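Here's the letter readout for the chains.
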Amino acid sequence: MNAMTDFSRLPRQDIILRSRDIFTTLLPALFLGRLCAEAIHPEAALPAAIVVFLLGAGVGWWLHRRGISPGLWALLLLPVVIFPYQSPQLMLGCGVLFATAWVVSRIKVQGWAVEAAVFVGALFLFSLTLAPGIQPADAGEFQLVLAEWGVAHPPGYALYSFLGGLFTHLLPLGSLADRANLFSGLA
């Protein structure tokens, strides 16, 4: 079928599939356009974003015609496209998640490589969204317990306290509270 298809003659399922393909092909272009608009000086942002969107749409269409469509993985970019405020963390997180998912789906690896790639991607995203500093309530209590080699309220959580104490005292990154938050995410 050519690009100028009369959709009234297609079965309903074909229309849905073609619409999905068009949408998932345009999402990376919208993502790149927004990235460009937020990264460039405000006066040049709109023209540059339009150019990048059109280039991205053209490249997406070209790749789709050759069977290299991002598929439903492009939906991982949707939060960036519809989020009303600038958020570099959201943009970076969704971009990394999309790239990881798309690359893992494109290459044929077996065994632990896929799990390792997903774990590293998830750990990277989690580290971007760690709770900053000391937290209130139980989270703060566990941060103090891990930093001071103490005992938490009953039942004490002995294994968590011991492993968390080792993790927070042996890892030389950030503050003790940051390391305790990272350990809680890994535990």
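Remember, it's a predicted structure, so these values are computed and weren't measured experimentally. (Residues numbered from 1 in each chain as written. Predicted model: local features only at pLDDT ≥ 70, side-chain atom pairs only at ≥ 80, totals over all residues. Heavy atoms only, no water.)

A. Inspection of empty space enclosed by the protein at higher detail. Taken as a whole, this structure holds 1 cavity of 30 Å³ or more when the rule is applied. One number sums up the size of the largest cavity: a volume of about 30 Å³. Forming the boundary of the largest cavity are R34, E38, V80, F83, Y85, Q86, S87, L90 and M91. Taken together, the residues of the lining of the largest cavity sort by class into 5 nonpolar, 2 polar and 2 charged. (1 Å grid on protein atoms, 1.4 Å probe; cavity = no way out; pocket = protein on both sides within 12 Å on 5 of 7 lines; lining within 4 Å. Points joined across faces, edges and corners; volume = space filled by probe spheres on them. Nonpolar A, V, L, I, M, F, W, Y, C, P; charged D, E, K, R; others polar.)

B. Representation of the confidence of the model for the chain. Mean pLDDT for the chain: 77, with 88% of residues reaching 70 or above. Per-element mean pLDDT across the chain ranges from 75 in helix 1 (residues 12–39) up to 87 in helix 7 (residues 158–170). (pLDDT = per-residue confidence, 0-100. Helix = DSSP H or I, 4+ residues; strand = E, 2+ residues; numbered from the N terminus.)

C. Fine view of the packing of helix 6 (residues 137–148) against helix 8 (residues 176–186). One can describe the packing of helix 6 onto helix 8 by two numbers: an axis separation of 9 Å at closest approach and a directional angle of 110°. Relative to helix 8, the element helix 6 lies roughly perpendicular. From helix 6, Q143, L146 and A147 reach across to helix 8, where they touch L176, A177, A180, N181 and F183. Considering only residue class, the contact of helix 6 with helix 8 consists of 6 nonpolar, 2 polar and no charged. (Axes fitted to C-alpha atoms, helices over the stretch in contact; angles between N-to-C directions. Parallel < 35°, antiparallel > 145°, perpendicular 65-115°, else oblique. Contact = heavy atoms within 4.5 Å.)

D. Fine view of unusual backbone geometry. Cis rather than trans, the peptide bond between P154 and P155 has omega equal to 15°. Take P155: it is sitting in the loop between helix 6 and helix 7. A positive phi angle, close to 60°, is found at A137, a residue other than glycine. Within the fold, A137 resides in helix 6. Located in the positive-phi region is W149, a residue other than glycine, with phi close to 55°. Examined against the element boundaries, W149 turns out to sit in the loop between helix 6 and helix 7.

E. Structural context of the layout of surface pockets. Empty space within the second largest pocket amounts to approximately 240 Å³. Forming the boundary of the second largest pocket are 15 residues, of which P28, L32, L63, P70 and F98 lie nearest the centre. Of all the secondary structure elements, the ones that give two or more residues to the lining of the second largest pocket are helix 1, helix 2 (42–65) and helix 4 (88–106). With 5 residues, helix 1 is the largest single contributor of residues to the lining of the second largest pocket. Residues that form the lining of the second largest pocket fall into these classes: 11 nonpolar, 4 polar and no charged.

F. Just the side chain of S161, in detail. Mapped onto the secondary structure, S161 falls in helix 7. Taking the relative accessible area as the measure of exposure, S161 reaches 8% and is therefore buried. Apart from residues no more than four positions distant in its own chain, S161 is found in contact with V145, L146, G150 and G156. (Buried < 20%, exposed > 50% of the residue type's maximum accessible area, 1.4 Å probe, protein only.)

G. How the structure looks around the environment of G150. Here G150 lies in the loop between helix 6 and helix 7. For G150, a relative accessible area of 29% gives the class partly exposed. Apart from the residues lying within four places of it in its own chain, the contact partners of G150 are V145 and S161.

H. Structural view of the packing of aromatic side chains. Tallied over the full model, the rule gives 5 aromatic pairs. Plain terms: the ring middles of F142 and Y160 are 5.4 Å apart, the flat faces sit at 80° to each other, and that makes the pair edge-to-face. On the criterion of sequence distance, the pair formed by F142 in helix 6 and Y160 in helix 7 is long-range, its members being 18 residues apart. A relative accessible area of 21% places Y160 in the partly exposed class. Arranged with centres 5.5 Å apart and planes meeting at 40°, the rings of F167 and F183 form a pair that is tilted. Here F183 lies in helix 8 and F167 lies in helix 7, a separation of 16 residues in the sequence. According to the relative accessible area criterion, F167 is partly exposed, its value standing at 21%. Relative accessible area serves as the criterion here: at 10%, F183 is assigned to the buried category. Aromatic rings pair up to connect F142, Y157, Y160, F167 and F183 into one cluster. (Phe/Tyr/Trp six-rings, centres within 6.5 Å; stacked < 30°, edge-to-face > 60°.)

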